[in-house]
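# Breakdown of the fold
Letter by letter, the chains look like this.
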Amino acid sequence: MIMTTLILGLVLGGTYALLALGLTLQYGIARIMNLAYGELTLAAAFVLVALFSGLGLSPLAAIVLIAPAGYGVGWLLYTVMMRPLVRRSGASGRLEVDSILATFGLLFVVQGVLLVIFGANLTSISYLDRGVSVLGVSVALNRLIAFGICVVVGGGLALAMTRTRWGLTMRAVALTPGSAPLVGIDVNRVARQGFALGTALAATGGASIAMYQTFSATDGVIFTMKALIIVIMGGVGNVTGALIAGLALGLVETFVATAIDPGLTLAATFAIFLVVLLWRPQGLFGRG
Amino acid sequence: MLEVEGLTVAYGKHVALNDVSLSVGQGEMVAILGANGAGKSSLLGAISARVAARAGQITYRGRALAGVPQHRLVEMGIAIVPEGRGIFPAMSVAENLALGAFPDRARGDAAAQRMEVFDLFPKLAERRDQIAGTMSGGEQQMVAIGRALMSAPDLLLLDEPSLGLAPVVTQGVFCALERIRATGLTVLIVEQNARATLALADRAYLIEAGRIIGSGRAEELRNDPAVVRAFLGGASAGTS
Ligand SMILES: Nc1ncnc2c1ncn2[C@@H]1O[C@H](COP(=O)(O)OP(=O)(O)OP(=O)(O)O)[C@@H](O)[C@H]1O
Ligand SMILES: [Mg+2]
């Protein structure tokens, strides 16, 4: 029983962590609170389904295509939509409000497009949907693969952020953007990279969710909300924090669903969120 | 090496810098002396592209700097320690120094550069894992100067490195500047601490209410009665 909760919780938490990573990069580095984040995630999920059902492409191969495409979309969104807002806000705090309004609009645009193309029905694929025994617990193979993607991508990103020069400059811009130009960092370029990478992570997360979960075109806001809660719990811009908080949230939700009542998972999520917000508003692990 | 011609900086209607011209030669240490609000930081700000100039021209090694963004200047060899230091307070000393070596020009011999910085400020070597924001004001100033040196600059701009520091600490900073100076690095320093600065610099410009009101060799200015009255009189409290 405990083992089951633990393993299923970690597997669920892996997806949450992956989703939150992208949002924490976008908010922490580019300073854009992207309310359309969940819709971008969903768009990638639909693309995976289309590639799988339509072209017969294996989901793993599809992800290899979807992730860089996500980067490209993020790059374009930043250049076309966010850059003018960034330029206008200058050093003032206007960017946060402007970006919330702009991405709130984007949310409905993307959602509308998804509804038109894919309809409002629940969508899912059947891919490697057989149980595998992990330490005596039966877990669907597709979930395990999704978890593996999270471990590789999330772990790689956490290492890159803390151990490489590239990560050092990303963190420098996230923590003290005003000082970054003094050491020759082009803050705009880094912000665009951060936003694009965040979108690539949203796409990877969405595509891996589509491998095992049923979803519909209106689910985006739930993804955004959960990712946001994890970002705040882990500390804005903090990659390692998002990983840990994501796994923790998966564990808690699974525990509440199995031990108490599945209907209470969302309530439990918000209870934790409130406790963190009241007790440690800077997040459990501080800013990245 | 650096020429400033007819520079005017204004914030709205307020003219902070009015038709300022000066030059800094290769290997020179030049000081800008002036009281609070004279326009010293605005001058360094305009040179380092942190504030926009309303008129005038800034030339570095024969190249006009107009339109060159702030982050490109470091690559061209201009390093600045701004007012307020501009360090990364949430990061460790080692990370601050590593970021200092971010420009391509510095990447090759970052290790050698770091040895030099540690030699200059042994304290930074001892405290390399400390979070910079938790250090004392003097130590943070060392981080800021060390970070600037990590980029292997050809021209170092310093904005009041002694601001807010206790006399002993100020003395330490000026000792370090003397050693930096001895390496032949070109330095443009803004200070209110005229006595210590004039003891170190080759030349100085006096700035008041946004205008240059005098200039000359440091040893001459030291003995100029008008300068002594205006800058070295009561202002020496807390130094040398
Ligand atoms: N961002 C700004 N907006 C409006 N006025 C400004 C701004 N920055 C500076 N000023 C004004 O310009 C004048 C010159 O300021 P500056 O900071 O260059 O002086 P300073 O010589 O560096 O003074 P201090 O010794 O106090 O640092 C001051 O009157 C100041 O109030
Ligand atoms: Mg000043």
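Refer to the structure printed above.
The structure contained in this document is the topic of the report that follows. (Residues numbered from 1 in each chain as written. Chains lettered and ligands numbered in written order. Predicted model: local features only at pLDDT ≥ 70, side-chain atom pairs only at ≥ 80, totals over all residues. Heavy atoms only, no water.)

### A closer look at the overall build of chain B
Within chain B, the regular secondary structure consists of eleven helices and ten strands. Here chain B has a C-alpha radius of gyration of 17 Å; the compact-globule value for 240 residues is 18 Å, and the two agree. Principal-axis analysis of the C-alpha atoms places the extent of chain B at approximately 45 × 40 × 35 Å. Out of the 240 residues in chain B, the part that is buried amounts to 55%. (Helix = DSSP H or I, 4+ residues; strand = E, 2+ residues; numbered from the N terminus. Rg over C-alpha atoms; globule rule 2.2 N^0.38 Å. Buried < 20%, exposed > 50% of the residue type's maximum accessible area, 1.4 Å probe, protein only.)

### Brief notes about the site of ligand 1
Residue and element names in this part refer to chain B. By nearness alone, 14 residues border ligand 1, and Gly37, Lys40, Ser41, Ser42 and Glu83 come closest of all. Gly37 is positioned with one of its backbone polar atoms (N or O) 2.8 Å from an oxygen atom of ligand 1. Within the side chain of Ser41, one N or O atom sits 2.7 Å away from an oxygen atom of ligand 1. The fraction of the free accessible surface of ligand 1 (630 Å²) that becomes covered by protein chains is 62%. (Near = heavy atom within 4 Å. Polar contact = N/O pair within 3.5 Å; in protein donor to acceptor, adjacent residues only side chain to side chain. Areas by Shrake-Rupley, 256 points an atom, 1.4 Å probe, with all protein chains shown as cover.)

### So, the pattern of salt bridges
Applying the stated criterion to the full structure yields 14 salt bridges over all chains. With a closest N to O distance of 2.8 Å, B:Glu95 and A:Arg171 form a salt bridge. In this pair, B:Glu95 sits in helix α3 (residues 93-100) while A:Arg171 sits in helix α6 (residues 165-175), so the two residues belong to two different chains. Linked by salt bridges that have partners in common, A:Arg88, A:Arg94 and A:Asp98 make up one network. (Salt bridge = Lys/Arg side-chain N within 4 Å of Asp/Glu carboxyl O.)

### Digging into the coordination of the magnesium ion (ligand 2)
All names here are of chain B. The protein atoms donating to the magnesium ion (ligand 2) are Ser41 (OG) and Glu83 (OE), with metal-donor distances spanning 1.9 to 2.2 Å. Here Glu83 lies in the loop between β6 (78-81) and α3 and Ser41 lies in helix α1 (residues 40-47), a separation of 42 residues in the sequence. Accessibility expressed as a relative area gives 23% for Ser41, which makes it partly exposed. Classification of Glu83 by relative accessible area gives partly exposed; the value is 42%. (Donors = N, O, S within 2.8 Å, 3.2 Å for Na, K, Ca; no water.)

### Some details on the sheet that holds strand β1 (residues 2-11) of chain B
All names here are of chain B. Taken in spatial order, the four strands line up as β2-β1-β4-β5 in an open sheet, and their pairing is antiparallel. Across the chains shown, the open sheet's two edge strands, defined by having one partner strand only, are β2 (14-24) and β5 (63-64). The pairing of β1 with strand β4 (residues 55-60) spans five bridges and is antiparallel. Opposite Thr8, over in β4, you have Ala55 as the bridge partner. Against the sheet, α1 engages β1, β2 and β4, with an angle of about 115 degrees to β1. (Pairing = 2+ DSSP bridges. Contact = heavy atoms within 4.5 Å. Axes fitted to C-alpha atoms, helices over the stretch in contact; angles between N-to-C directions.)

### Brief notes about helix α4 (residues 94-118) of chain A
Residue and element names in this part refer to chain A. Helix length check: α4 (25 residues) gives 36 Å between terminal C-alpha atoms against 36 Å at 1.5 Å per residue, within 8%. Looking at α4, one finds that the buried residues are Leu95, Asp98, Ser99, Thr103, Leu106, Leu107, Val110, Gln111 and Leu114. The inward-facing, buried residues of α4 abut α2 (37-55) and α3 (59-89). Just past α4, the residue Gly119 takes up positive phi, approximately 80 degrees. (Expected span 1.5 Å × (residues − 1).)

### Side note on a nonpolar patch on the surface
Together, A:Ile244, A:Val275, A:Leu278, A:Trp279, A:Leu284 and A:Phe285 line one region of the surface with nonpolar side chains, adding up to about 650 Å² of accessible area. Relative to the elements of secondary structure, A:Val275 occurs in helix α10 (residues 265-279). (Patch = residues over 30% accessible without salt bridge, like charges linked within 9 Å, V, L, I, M, F, W, Y side chains within 5 Å.)

This is a description of form; function is not addressed.
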